[in-house]
Each structure stands twice: as structure tokens, then as C-alpha cells.
Amino acid sequence: CAAKKGETEILTGGGIKESVMGNIRNSKKSVLVSMFTLTDRDCVRELCRAAGRRVDVRVMLDGGQEANMESRKRLKECSVAVRSYPGRMLHMKMGLFDGEAAVLGSANWTYGGFSLNREFDCLVRGGSVSRLARVFEDDWKKCAVEGERQ
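Keep in mind that this is a model prediction, so the values were computed, not measured.

J.: With reference to specific residues and values, describe the side chain of T37.
T.: Note that T37 resides in the loop between β2 (30-35) and α2 (41-52). Those residues in contact with T37 that sit more than four places away from it in its chain are Q65, A67, N68, N108, W109 and T110.

Pasting the structure below:
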């Protein structure tokens, strides 16, 4: 997590997963995820560990992605709040950590997104993170609670 407050670090290749995993591990208050596809087992495991540390972990996924089903099930089993974005496609790829840092860009949290595809993410710290958190919270309110359909 090299980016200092008010700075942006460019992430590519394995650096994306390294940053995501490190930020999840280091979060003490909250991990908020808005993701098109989340299938990386290491990420799911770390999100569950964070929930076990009593970190507020909330995951918003695109409801039309069948690939998310196994991760959704596992996250719910470890008491992570999971919601489906209603209506249009949720194509966002963003993780917010303790309201202080965000990783966002083109990479889904999948093996392909972290290892195969040419992806580009940014680690952001500072004032922009609070604006991103407001976007997440607004979207979270629009989502159906898992098991409900809008």
C-alpha cells in the first residue's frame, strides 16, 4: 500500500491482487466491495477472515453473473452481507478499505482479472475515497437484500 494520502498508485498485473489482499488484511473497520465478478478464492477467504475480525464487510455484486454464485454462497456462510445490484448491469470494480483507501479500475476479482488479462487499477487515498464511499452507500440502499427480488 505505497500510495500516501492524496496520492494515486497505478497497479497492473499481480500488483492489483497484492494491493487488494493487503488492504483487506489491514482493514480494521470496513471493507466495501462493488464488483461485477468476484470468484477469486483467496479474496473470498480474506473477506471471510475480515468478517471474522468483526470488520464491516459488505459485498455488492452484479445479480446477472452466474459466476458469482459460489462466492456469494461462501460469503453468506461466513456472515458477510451480500446484495445484488438491481436492474442494469453493475460493471464497477471497486474495493473501499476503512474509508481511507480504494482500489478501483478494470480488474474483476477473478483469476483472469488478477493473472491473465491486461488490467489497470488505481490505489487511491484521500478525499476522493469519501466520495466513492457515498456512491457505494447510495447503491447499497438500492440493492435487494439477498433472497429478495426487486
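J.: Can you break down the pairing of strand β6 (residues 101-105) residue by residue, with the values?
T.: In the sheet, strand β5 (residues 93-97) pairs with β6 via 4 bridges, with the strands oriented antiparallel. Directly across from G95, in β6, lies its bridge partner V103. Between β5 and β6, which pair antiparallel and follow one another directly, the connecting turn spans 3 residues, one of which, D98, has a positive phi of 55 degrees. In this structure, β6 lies alongside strand β7 (residues 121-125), joined through 5 bridges in antiparallel fashion. Residue A101 lies in a different strand from β7, and its bridge partner there is R125.

J.: For helix α3 (residues 69-77), give the residues involved together with the corresponding values.
T.: Residues of α3 that are buried include every one of S71, R72 and L75, and no others. Viewed along the axis of α3, the buried residues span an arc of 100 degrees, placing them on a single side of the element. Residues of α3 that are exposed and angled more than 90 degrees away from the buried face: E70, K73 and E77. Residues of α3 that are buried sit in contact with α2, β3 (56-62) and β4 (81-85).

J.: Which residues make up helix α1 (residues 14-26), and what are the values?
T.: With 13 residues, α1 should cover 18 Å at 1.5 Å per step; its first-to-last C-alpha distance of 18 Å lies within 8% of that length. Considered for burial, the residues of α1 that qualify are I16, K17, S19, V20, M21, G22, N23 and I24.

J.: Give a detailed account of the layout of surface pockets, specifying residues and quantitative values.
T.: Empty space among the atoms can be located by rolling a probe the size of a water molecule over them. Its volume calculated, the largest pocket comes out at about 160 Å³. Looking at the largest pocket, the residues that line it are T39, R41, V44, R45, A67, E70, S71 and R74. Those elements that place two or more of their residues in the lining of the largest pocket are α2 and α3. Here the lining of the largest pocket is composed, by residue class, of 2 nonpolar, 2 polar and 4 charged.

Each value, and the rule that gives it
- Position numbers for residues start from 1 in each chain and track the written sequence from start to end.
- For this predicted model, a pLDDT threshold of at least 70 governs which residues receive local features, and a threshold of 80 or more governs which side-chain atom pairs are given and counted, while totals over whole chains, interfaces and linings are taken from all residues.
- Calculation of side-chain values draws on the structure's entire complement of heavy atoms; hydrogens and water are dropped beforehand.
- For the purposes of this entry, the term helix denotes a DSSP run of H or I that reaches at least four residues, the term strand denotes a run of E that reaches at least two, and both are numbered from the N terminus.
- We call two residues in contact when some of their heavy atoms are within 4.5 Å.
- For two strands to count as paired, DSSP must find a minimum of two bridges between them.
- Burial here depends on accessible area, computed with a 1.4 Å probe over protein chains only, as a share of the maximum for the residue type. Under 20% is buried, over 50% is exposed, and the range in between is partly exposed.
- Here the arc refers to the directions that run from the helix axis out to each C-beta atom.
- In a helix, the anticipated span is given by 1.5 Å times the number of residues less one.
- Here the term cavity refers to a set of points on a 1 Å grid, laid over the protein atoms alone, in which a 1.4 Å probe fits but cannot get out; the term pocket refers to an open set having protein on both sides within 12 Å along at least five of seven lines, with lining residues being those that place an atom within 4 Å of a point.
- Grid points are joined across faces, edges and corners, and a volume is the space filled by probe spheres set on the points.
- Classification used: nonpolar for Ala, Val, Leu, Ile, Met, Phe, Trp, Tyr, Cys and Pro, charged for Asp, Glu, Lys and Arg, polar for all others including Gly.

By themselves these figures say nothing about function.
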